[in-house]
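Topology and contacts: notes
Read off the chains here:
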Amino acid sequence: MAEIDVKIVSALDRVSQAVRVLLRNKSQSNALSPIQTQILIFLLLQPGGSSRITALAGEFDLTKATVSDSIKSLLHKCLVHKSPDPADERSCTILLTDRGKEMALKSAGFISELEKSLDSLNALQKEAIYTGLLQTIFGLHTAGVISVQKMCLTCIHYESILGGHSCRLLESNLTYEMLRLNCTEHSKATNQ
């Protein structure tokens, strides 16, 4: 491994540590665990504000039992509720309550300090970081280190054209700002 690779991994570890500290601090101030906070924010960002336990487990690379325990706690705190799935009576959908939406909105700002630190970077630096991180996430996904990735690079509709990006579904070329990490129209490519 080249020296620069070691430095990049070390820098990513420091950024990851900062995210964990910010998440832990925000979670503690709201009497939640970090995973409970992440679940609330995830549900807030989903179309319809809902998800199933299996999908949550996949999203966070956790066991269904761990997610179920967090959901039980969020149910007890009246931040989520369960809705039976009419298509599968053994399954249910997890939805935010009004109180849960408020808590999710309050919690979502935990990352603002990290966002402020990006203000000093110019557009080219931000593009290089973002596209580099996308490639890194794609590589980790391809290697089986992380599972669910609803990003453009793992989508059947994505196409790399002469170093650029294109979405066949949208029938459009994509700028780097348009590349998504969590796309609602994502369809997993068969080679992933």
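Now for a quick tour of the structure.

Cut-offs applied
- Residues numbered from 1 in each chain as written.
- Predicted model: local features only at pLDDT ≥ 70, side-chain atom pairs only at ≥ 80, totals over all residues.
- Heavy atoms only, no water.
- 1 Å grid on protein atoms, 1.4 Å probe; cavity = no way out; pocket = protein on both sides within 12 Å on 5 of 7 lines; lining within 4 Å.
- Points joined across faces, edges and corners; volume = space filled by probe spheres on them.
- Helix = DSSP H or I, 4+ residues; strand = E, 2+ residues; numbered from the N terminus.
- Nonpolar A, V, L, I, M, F, W, Y, C, P; charged D, E, K, R; others polar.
- Expected span 1.5 Å × (residues − 1).
- Contact = heavy atoms within 4.5 Å.
- Pairing = 2+ DSSP bridges.
- Axes fitted to C-alpha atoms, helices over the stretch in contact; angles between N-to-C directions.
- Phe/Tyr/Trp six-rings, centres within 6.5 Å; stacked < 30°, edge-to-face > 60°.
- Buried < 20%, exposed > 50% of the residue type's maximum accessible area, 1.4 Å probe, protein only.

A separate point is the layout of surface pockets. Looking at the largest pocket, its volume works out to about 2500 Å³. What lines the largest pocket is a set of 49 residues, and nearest its centre among them are Val19, Ile111, Leu133, Ile137 and Leu181. Elements with a minimum of two residues in the lining of the largest pocket: α1 (3–29), α2 (34–45), α3 (53–60), α6 (112–117) and α7 (123–142). Grouping the constituent residues of the lining of the largest pocket by class yields 30 nonpolar, 12 polar and seven charged. By volume, the second largest pocket amounts to about 150 Å³.

Let us look at α1. Taking 1.5 Å per residue, 27 residues should reach 39 Å; α1 reaches 39 Å between its end C-alpha atoms and fits that length. Each element contacted by the buried residues of α1 is listed here: α2 and α6. At the exit of α1 stands Ala31, carrying a positive phi of roughly 60°.

Paired through their backbone hydrogen bonds, the strands of a sheet run either parallel or antiparallel. If you walk across this open sheet you meet the three strands as β1-β3-β2, and the pairing is antiparallel. Of all strands in the sheet, those with a lone pairing partner are β1 (50–51) and β2 (80–85), marking the two edges. As paired strands, β2 and strand β3 (residues 88–96) are joined by six bridges and run antiparallel to one another. Bridge pairing in β3 links His81 to Leu95. Each of β1, β2 and β3 touches α2; the most contacted strand, β3, lies at about 95° to it.

Moving on: the packing of aromatic side chains. Using the criterion set out here, one finds one aromatic pair in the structure. Between Phe42 and Phe60, the aromatic rings sit 5.8 Å apart at their centres with planes inclined by 70°, giving edge-to-face as the arrangement. Here the residue Phe42 occupies a position in helix α2, and Phe60 occupies one in helix α3, the gap between them amounting to 18 residues. What makes Phe42 buried here is its relative accessible area of 8%.

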